[in-house]
Amino acid sequence: MRRSMILLAVIFLVGASSVQSQTLRVGAQGQKALLFNFVGLNALNLGAYSTYVNQSAGIGAKYFLSDGVAVRGLLLFGINNHTTSTTPEVSDNKFSFGIGGALEYHLPISSSVSPYVGGGLQFMTSTETTNPASFKTTQSMFGVGALMGVEYFFNQSISLGAEYQFGLTTGSATATGAADQSQLTVGFQTAGLTMAVYF
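Residues numbered from 1 in each chain as written. Predicted model: local features only at pLDDT ≥ 70, side-chain atom pairs only at ≥ 80, totals over all residues. Heavy atoms only, no water.

**Q** Which residues make up the pattern of salt bridges, and what values go with them?
**A** By the definition in use, this model includes 4 salt bridges. Here Lys 62 ties to Glu 104 by a salt bridge, and the two come within 3.0 Å at their closest N and O atoms. With Lys 62 in strand 2 (residues 57-66) and Glu 104 in strand 4 (residues 90-106), the pair connects residues that are 42 residues apart, well separated along the chain. Neither residue differs from the other here; Lys 62 and Glu 104 are each classed as buried. Ionic pairing is found between Glu 104 and Arg 72, a salt bridge with its closest N-O pair at 2.7 Å. With Glu 104 in strand 4 and Arg 72 in strand 3 (residues 69-84), the pair connects residues that are 32 residues apart, well separated along the chain. Shared partners join several salt bridges into a network, and the residues in it are Lys 62, Arg 72, Glu 104, Glu 151 and Glu 163. (Salt bridge = Lys/Arg side-chain N within 4 Å of Asp/Glu carboxyl O. Helix = DSSP H or I, 4+ residues; strand = E, 2+ residues; numbered from the N terminus. Buried < 20%, exposed > 50% of the residue type's maximum accessible area, 1.4 Å probe, protein only.)

Structure representation (structure tokens):
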């Protein structure tokens with residue numbers, strides 16, 4: 001994740017130095033963009049069974065239904081395999097997958113900055129297996145709520161956005177030989193950073 005943040009900072013600085021002081025035409029009806037999410041959803045935060053699915057990445061798309069109103073969809077995924085050189089050798093394999101959708105309402109753009117508000121929902125599941133003990137943990141999470149964020153446009157084609165979500169999240173976890181867990185959370189959650197490529 002640290003490498004991704006450094007890469008984003010470099011892209012941001014290079015792009016910012018090339019932005020002209022002009023009003024960009026973005027958020028018009030029919031505009032489309034590919035989305036690349038670098039942080040993903042927040043961790044499920046289910047006690048000792050959390051598998052830190054916030055390490056996932058994602059890819060998706062955005063489409064403007066009308067001027068300033070966009071709908072987006074995102075697929076999130078993460079793989080983390082770790083092996084410890086012990087006797088016997090211990091391996092820890094994590095996999096996460098999720099989907100999400102949202103509706104965005106963009107406020108009038110000022111120079112290269114476009115703030116927006118909206119609402120959305122998301123679902124994510126993750127599995128962690130530890131061998132040779134064959135200890136398996138499965139988690140799932142569903143969330144719905146409001147969001148607010150901002151997109152910074154380097155030029156007409158590329159933007160970097162960050163947002164916060166406020167909503168309700170419910171999750172559950174099952175683990176080999178342990179009692180099931182469930183949790184209901186209401187509050188702010190980070191949604192991550194997203195780079196958009198418009199075409």
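**Q** So what's going on with the side chain of Glu 163? Which residues, and what values?
**A** Along the chain, the position of Glu 163 falls in strand 7 (residues 158-175). Only 2.6 Å separates the side chain of Glu 163 from the side chain of Tyr 116, close enough to count as a polar contact. (Polar contact = N/O pair within 3.5 Å; in protein donor to acceptor, adjacent residues only side chain to side chain.)

**Q** Which residues make up the pairing of strand 5 (residues 113-131), and what are the values?
**A** Looking along a regular strand, one sees side chains alternate from face to face of the sheet. Pairing of strand 4 with strand 5, which is carried by 16 bridges, proceeds in the antiparallel orientation. Across the sheet, residue Gly 101 finds its bridge partner in strand 5, namely Leu 121. Relative to strand 6 (residues 135-153), strand 5 runs antiparallel, the two sharing 18 bridges. Looking at the pairing, Thr 127 lines up with Thr 138 of strand 6. Here strand 5 folds back onto strand 6, and the loop between the two strands holds 3 residues, one of which, Ser 134, carries a positive phi near 55°. (Pairing = 2+ DSSP bridges.)

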